[in-house]
Amino acid sequence: SMAAATVGKLPMDATELDAIHATCRKTAIALYKAKALGDHTLQYKNKLKDDIRGKYEATMRENETRSADAAKEAMESMYAEVAHKLASNAFENAEAYEDEWERVRSRYLRSVKGPAKTSYLLQFIQDKVIPSVKLFSLHTSLDREKEKARLQEKYEEAKTE
């Protein structure tokens, strides 16, 4: 069935899932109407609609779960090289880190689907990217302080000569 095939394609964007649901719902109700006979037709049609709604809600939850898992897995994989460079101080400055991060972010946005795509990206930026940029800013200000102290020292030496 189309519904079973859809679950195999998860995660997917909500609009895509909604469109598939609408098609499946219309098909199921049309098939029911074509075959329905007897006094309880409306009652069974309403039960069918309830069953379809329940399956759709379960599929939406499954889509959210798979989307969150896929988003996390993709970002960890894509960010691994950046994290390694960060840990080994391979970035010359914050701009170099931000350029690399922008490449990862763009690739992530192109390749990841599903409802958790954006929320996971925002959480990742908050948890990993912002603290990394703050570290660069801290290192830069420490480097400036060291340079200032070194120049002050040279100045004092030059004054005494």
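Preceding this paragraph is the structure being described.
On a predicted model such as this, the values are computed, not experimentally measured, just so you know. For every chain, the first residue of the written sequence is number 1, and numbering continues from 1 onward in sequence order. Residue-level local features of this predicted model are given only where pLDDT is at least 70; pairs of side-chain atoms are given and counted only at 80 or more, and the full residue set underlies all totals for whole chains, interfaces and linings. With hydrogens and water set aside, each side-chain value is computed from the structure's full complement of heavy atoms.

J.: Help me understand unusual backbone geometry in this model?
T.: The bulk of non-glycine residues show a negative phi, and the bulk of peptide bonds are trans. Along the chain, leucine 10 connects to proline 11 via a cis peptide bond; the corresponding omega equals 5 degrees. Helix numbers and strand numbers start at the N terminus; a helix is a DSSP run of H or I with at least 4 residues, a strand a run of E with at least 2. You can see proline 11 is positioned in the loop between α1 (2-8) and α2 (14-35). Unlike most non-glycine residues, asparagine 89 shows phi in positive territory, near 55 degrees. Inspection of the secondary structure puts asparagine 89 in the loop between α3 (41-87) and α4 (94-111). Relative accessible area serves as the criterion here: at 65%, asparagine 89 is assigned to the exposed category. The rule is simple: take the accessible area with a 1.4 Å probe, protein chains only, and divide by the maximum for that residue type; under 20% is buried, over 50% is exposed, in between is partly exposed.

J.: Please explain the packing of aromatic side chains as it appears in this structure.
T.: Aromatic ring pairs are defined here through the distance separating the ring centres and the angle between the ring planes. Note on aromatic pairs: the rings of Phe, Tyr and Trp (six-membered ring only in Trp) are paired at centre separations within 6.5 Å, and the planes decide the class, stacked below 30 degrees, edge-to-face beyond 60, tilted for the rest. Tallying each qualifying case throughout the model produces five aromatic pairs. Considering the side-chain rings of tryptophan 101 and phenylalanine 124, the 5.8 Å spacing of their centres and the 20 degrees angle between planes classify their relative orientation as stacked. Here tryptophan 101 is found in helix α4, whereas its partner phenylalanine 124 is found in helix α5 (residues 117-160), with 23 residues between them in sequence. Both residues of the pair, tryptophan 101 and phenylalanine 124, belong to the buried class. With 6.3 Å between their ring centres and 35 degrees between their planes, tyrosine 120 and phenylalanine 124 make a pair best called tilted. Separated by four residues within a single helix, tyrosine 120 and phenylalanine 124 lie in helix α5, roughly one turn from each other. Each member of the pair, tyrosine 120 together with phenylalanine 124, is buried. These aromatic residues form a ring-pair network of at least three members: Tyr79, Trp101, Tyr120 and Phe124.

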